[in-house]
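Survey of secondary and tertiary structure
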Amino acid sequence: MIKFIIIIFLTISLCNSEEISNTLDENKITQQIKDYQDRALNDDPEAYFQLGKIYFEGKYVFKNYEKALEYFSAASHLGHIQGTYNLALFYLSKQTPFHDNKKALSYFLELARKGHAPSQNRIGMYLTSGIILEKDYKEAVKWFEASSKQGYVNAQCNLAFMYASGKGVWQNMGRAHAFAKSGYKKGYKLCKKVWDDFNLEKYPEDKGFKFKFYNEP
């Protein structure tokens, strides 16, 4: 009987501890949001950016796309790189009523020209898809290379696809192997798809043609 009572007590205690922990987490998050709001009053770009994410994701507050757009726009206006990138992603998203591919492209281009690797990769994707921009595989490869040279793995996956399919470059399965290998091992979905679809495992990694070519990440 005593053992039974102790088990019940421990169960109740654990439940109460979890409730207290959740309450503390909620209080901490509420305080963090208030802190961002206070900082936003002083035009803090990072605060604008964080608030944009919070209202877009809707994890700790009711989802509000209008507020997310307002905050991402404010962060972008103040020169916040990630804020501008998220603003582009916001317009690219079809889950909001503000979906606008042209606006998304304009922000991606703005950042890509400044050397922002994720945006450079996005421009390459626009050029391969033919959305808004006319298809141009060779130009797409240039953008993927610029992004890849900064270590952006998704761009390396895209380059692997271009070499494997022979789009914008001479088909070179060994080079596709080289660009997909790292991302494949890290579990990047696109690299895994290219690796599996083209069976890159069976092709030796291209280590030739060094000269001035960009052969590997």
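Residues numbered from 1 in each chain as written. Predicted model: local features only at pLDDT ≥ 70, side-chain atom pairs only at ≥ 80, totals over all residues. Heavy atoms only, no water.

Side note on the state of the cysteines
For clarity, the cut-off: A pair of sulfur atoms, both from cysteines and within 2.5 Å, is called a disulfide here. Helix and strand assignments follow DSSP, with helices taken as H or I runs no shorter than four residues and strands as E runs no shorter than two, numbered in order from the N terminus. For the exposure calls, accessible area comes from a 1.4 Å probe over protein chains only, and a residue counts as buried if that area is under 20% of its type's maximum, exposed if over 50%, partly exposed in between.
All chains considered together, the criterion is met by one disulfide. Residue pairing for Cys 157: its cysteine sulfur links by disulfide to Cys 191, the two sulfurs lying 2.0 Å apart. Linking Cys 157 and Cys 191, the disulfide has an S-S dihedral of approximately -105 degrees and is accordingly described as left-handed. Residue Cys 157 is located in helix H8 (residues 153–165), and its partner Cys 191 is located in helix H10 (residues 189–197); the two are separated by 34 residues in the primary sequence. Take Cys 157: its relative accessible area is 0%, and that puts it in the buried class. A relative accessible area of 0% places Cys 191 in the buried class.

What about the confidence of the model for the protein?
Selection rule: The predictor attaches a confidence to each residue, and that confidence, scored 0 to 100, is pLDDT. The criterion used for residue contact is that any of the two residues' heavy atoms lie within 4.5 Å.
Here the protein averages 88 in pLDDT, and 84% of its residues register 70 or above. Of the regions scoring below 50 in pLDDT, residues 2–24 engages in zero contacts with residues more than four places distant in sequence or in other chains.

Quick notes on the environment of Asp 35
As for its placement among the helices and strands, Asp 35 is situated in helix H1 (residues 2–40). Each C-alpha atom, one on Asp 35 and one on Ala 47, is 8.3 Å from the other, the two residues being 12 residues apart in sequence.

Re the pattern of salt bridges
When the charged atoms of two side chains lie near each other, side chains of opposite charge can form a pair. So the rule is basically this: When a carboxyl oxygen of Asp or Glu is within 4 Å of a side-chain nitrogen of Lys or Arg, the pair counts as a salt bridge.
Under the defined criterion, the tally for this structure stands at six salt bridges. Residue Asp 38 is joined to Lys 34 by a salt bridge in which the shortest nitrogen-to-oxygen separation is 3.3 Å. Of the two residues, Asp 38 and Lys 34 both sit in helix H1, four residues apart, roughly one turn of that helix. With relative accessibility at 36%, the residue Asp 38 sits in the partly exposed group. Judged by its relative accessible area of 42%, Lys 34 falls in the partly exposed class. Among the ionic pairs, Lys 193 bridges to Asp 197, the shortest N-O distance being 2.9 Å. Of this pair, Lys 193 and Asp 197 both sit in helix H10, separated by four residues, roughly a single helical turn.

What about the environment of His 116?
Within the secondary structure, His 116 is located in the loop between helix H5 (101–112) and helix H6 (117–129). Between the C-alpha atoms of His 116 and Tyr 152, which are 36 residues apart in sequence, the distance is 9.9 Å. In contact with His 116, not counting residues within four places along its chain, are Ile 81, Gln 82, Tyr 85, Leu 111 and Gln 150.

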